[in-house]
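Structure at a glance
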There are 2 protein chains.
Amino acid sequence: MKITIIGAGNVGYQLTKGLTLAGYKIYQVFSRTEERLKDVFPALTKQATTNLQAIKSDADLYIIAVHDDAIQSVAEELVVHHGIVTHTSGATGKAILKAHKNYGIFYPLQTFTRSKPVDFAQIPLCIDGNNKQVIQKLTNIAKQLSQKIYYLDDAQRELIHVTAVIVNNFTNHLFDIAYTILQDNQLDFSILQPLILETAQKVQTKLPSQAQTGPAKRKDKKTLDKHLRLLENYPNYQLLYKLLSKSIME
Amino acid sequence: MKITIIGAGNVGYQLTKGLTLAGYKIYQVFSRTEERLKDVFPALTKQATTNLQAIKSDADLYIIAVHDDAIQSVAEELVVHHGIVTHTSGATGKAILKAHKNYGIFYPLQTFTRSKPVDFAQIPLCIDGNNKQVIQKLTNIAKQLSQKIYYLDDAQRELIHVTAVIVNNFTNHLFDIAYTILQDNQLDFSILQPLILETAQKVQTKLPSQAQTGPAKRKDKKTLDKHLRLLENYPNYQLLYKLLSKSIME
């Protein structure tokens with residue numbers, strides 16, 4: 001099984017690591033910049049290239065893990081003999097790869113960082129393909145990485161992606177808002193860290209609606225008004241506070 | 001050391017459990033309703049009462065863990081000889097207890113549920129008092145429960161409380177929004193659970209601003225527009241999506 005990874009960003013890096021740990025040999029790996037390749041894949045120097053034309057056509061699986069905007073041009077440049085061409089984007093349809101005979105999706109639903117090791121066993125892998133053989137082959141590979149395999153079409157994957165943005169990007173932004181307010185008042189963000197962790201842990205076993213607490217949930221107008229006054233110097237955060245509280249109350 | 005707990009809600013329950021495990025004997029415990037007391041404190045039946053007048057005046061510490069609106073009336077009804085009267089509210093000033101000679105704050109910063117055991121060692125305890133002796137005594141007790149002790153005045157505690165609402169209540173509401181969208185489309189919320197956990201874990205060691213990713217951060221207008229279209233059936237969520245994305249971009 002020859003697997004080629006296109007892209008040396010966080011997803012490309014973690015997939016390369018995860019597939020290697022799962023026993024697969026990475027056939028080739030591509031990055032636009034040499035520094036990135038050397039920095040990220042020192043063990044794969046021989047297989048590494050910064051030239052898309054140097055990607056060989058006889059791999060069994062190509063995983064395109066580049067920015068959404070670049071997927072199409074990369075896919076069109078690839079010359080592929082029999083292999084499956086996939087991308088890892090939650091927001092991009094699979095038809096963008098349709099120039100190839102066998103194509104599909106290999107979308108790990110997680111937020112990746114270079115520096116933080118990930119346990120692929122706990123990461124949902126979303127799979128799709130343009131025919132049954134593709135789906136079967138991708139399933140076989142995915143199973144070596146994770147027990148959590150989901151078969152999602154484009155429309156479903158888009159919905160998963162928008163909710164992933166909500167629970168990850170927006171949640172993290174709320175953390176950043178809290179950080180900013182505390183920092184401006186010489187208070188330490190670390191006081192909130194256990195609460196943040198517990199909030200996430202609760203919805204591992206409970207429904208979010210059952211875990212909801214707080215002044216908006218209680219319709220505690222006195223506290224809500226006090227909080228809005230406290231946020232007077234942050235009109236942007238004040239508006240978000242108002243709308244999120246209103247949404248909880250509805 | 002005689003500790004009396006007023007209130008059998010989640011905070012009163014978990015504090016009673018935590019203090020007992022830390023080696024303290026609970027002197028008395030009060031709840032408005034008998035069912036609650038029997039249900040929650042079966043081991044403390046002898047010390048339990050539903051009558052505030054039956055609370056003895058010779059305890060060393062009273063912890064009032066009732067709804068914010070009820071703190072004042074409960075505090076005024078208490079007859080206290082020498083003990084310290086505290087409450088556990090993040091949003092309420094300590095002066096509400098000033099009818100007593102010794103008073104202060106014993107505010108554990110965590111989201112409590114009856115059914116979920118908590119590790120008090122990891123829970124920040126916010127302490128304040130109307131004199132040095134009170135602060136010293138509360139510190140001694142707090143140290144038996146947690147290593148994370150914070151000395152915060154009213155203004156600081158209010159700020160901590162508003163940021164706690166942001167990172168807990170609002171974050172959980174975002175989880176609920178995601179749940180609703182997935183549920184409406186026959187998709188399983190469990191696919192998001194690992195992402196939710198990792199999002200919280202990241203900010204245990206990284207700054208939220210360093211952990212920020214996503215279409216708004218990248219100013220990826222194409223994806224943002226697509227997501228807004230996907231949320232067309234949810235005008236309320238669409239507005240929140242728009243404002244949170246705008247706030248990230250600023």
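Refer to the preceding data block for the structure.
Remember, it's a predicted structure, so these values are computed and weren't measured experimentally. (Residues numbered from 1 in each chain as written. Chains lettered and ligands numbered in written order. Predicted model: local features only at pLDDT ≥ 70, side-chain atom pairs only at ≥ 80, totals over all residues. Heavy atoms only, no water.)

**Looking at the pattern of salt bridges**
All names here are of chain B. What counts here: One side-chain nitrogen of Lys or Arg within 4 Å of one carboxyl oxygen of Asp or Glu is enough to make a salt bridge. Every helix listed is a DSSP run of H or I at least four residues long, and every strand listed is a run of E at least two residues long, numbered separately from the N terminus. The cut-offs for exposure are 20% and 50% of the maximum accessible area for each residue type, with area from a 1.4 Å probe on protein chains only; residues under the lower value are buried, those over the upper are exposed, and the others partly exposed.
All chains considered together, the criterion is met by 16 salt bridges over all chains. With a closest N to O distance of 3.2 Å, Lys2 and Asp58 form a salt bridge. Here Lys2, found in strand S1 (residues 2-6), pairs with Asp58, found in the loop between strand S3 (48-49) and strand S4 (61-64); they are 56 residues apart in sequence, far enough to count as distant. Take Lys2: its relative accessible area is 32%, and that puts it in the partly exposed class. Here Arg218 and Asp220 are joined by a salt bridge, their closest N and O atoms 3.0 Å apart.

**Thoughts on the relation of the copies chain A and chain B**
To keep things clear, this is the line we draw: Copies overlap after least-squares fitting; the atoms used are the C-alpha atoms of residues with pLDDT of at least 70 in both. Working rule for contacts: check all heavy atoms of both residues, and any pair within 4.5 Å makes them a contact.
Least-squares fitting of chain A to chain B yields an RMSD of 0.0 Å, with the transformation described by 0.0 Å of translation along the axis and a rotation of 180°. The symmetry that links the two subunits is that of a two-fold axis. Residues of chain A ranked by C-alpha distance from the rotation axis are headed by Thr171 of chain A, positioned 2.7 Å from it. A share of 100% of the interface residues of chain A reappears at the interface of chain B, consistent with the copies meeting face to face through the same patch.

**A look at the pairing of strand S6 (residues 102-108) of chain B**
Residues and elements named next belong to chain B. Short version of the rule: The criterion for strand pairing is that DSSP finds at least two bridges linking the strands in question.
The buried fraction of S6 is high, at seven of seven residues. Side chains Asn102, Gly104, Phe106 and Pro108 of S6 all project onto a buried face; the interleaved residues Tyr103, Ile105 and Tyr107 project onto the opposite face, where all are buried too. Examined bridge by bridge, strand S5 (residues 84-87) and S6 share four bridges and lie parallel to one another. Counterpart to Val85 in the pairing with S6 is Tyr103. Here five bridges tie S6 to strand S7 (residues 125-129), and the two strands are oriented antiparallel to one another. Following the sheet pairing, Pro108 is matched in S7 by Leu125.

**Considerations on the packing of aromatic side chains**
The criterion, for reference: Pairing of aromatic rings covers Phe, Tyr and the six-membered ring of Trp, with a centre-to-centre limit of 6.5 Å; geometry is then stacked below 30 degrees between planes, edge-to-face above 60, and tilted otherwise.
Scanning the entire structure with this criterion turns up ten aromatic pairs over all chains. Relative to Phe189 of chain A, the ring of Tyr179 of chain A has its centre 5.5 Å away and its plane inclined at 65°; by these criteria the two rings are edge-to-face. A residue pair is termed long-range when its members are at least 10 positions apart, and Tyr179 of chain A in helix H5 (residues 154-184) and Phe189 of chain A in the loop between H5 and helix H6 (193-202) qualify at ten residues. A ring pair is formed by Tyr241 of chain A and Phe170 of chain B, whose centres lie 5.0 Å apart and whose planes are at 65°; its orientation type is edge-to-face. Taken together, the residues Tyr241 of chain A in helix H9 (residues 235-249) and Phe170 of chain B in helix H5 (residues 154-184) connect one chain to another.

**So, the interface of chain A and chain B**
Counted only if it meets this: What counts as buried area is the accessible surface, traced by a 1.4 Å probe, that two parts surrender upon association, with contributions from both included. Here a polar contact is recorded for every N or O atom pair within 3.5 Å, except that within protein the pair must consist of a potential hydrogen donor and a potential acceptor, and residues adjacent in sequence are included only if both atoms are side-chain atoms.
Contact residues are listed per partner, giving 86 residues for chain A and 86 residues for chain B. Across the chain A/chain B interface, buried area totals approximately 8,500 Å², and carbon plus sulfur atoms make up 68% of it. Taken as a group, Phe170, Ile191 and Leu195 of chain A account for 8% of the area that chain A buries against chain B, more than any other trio of residues on that side. Remark: the boundary between chain A and chain B carries four salt bridges. One can count 38 residue pairs in polar contact (both at pLDDT 80 or more) joining chain A with chain B. For the side of chain A that touches chain B, the secondary structure elements donating two or more residues are helix H3 (68-77), H5, H6, helix H7 (208-211), helix H8 (221-230) and H9 of chain A. Ranked by residues supplied to the side of chain A that touches chain B, first place goes to H5 of chain A with 25 residues.

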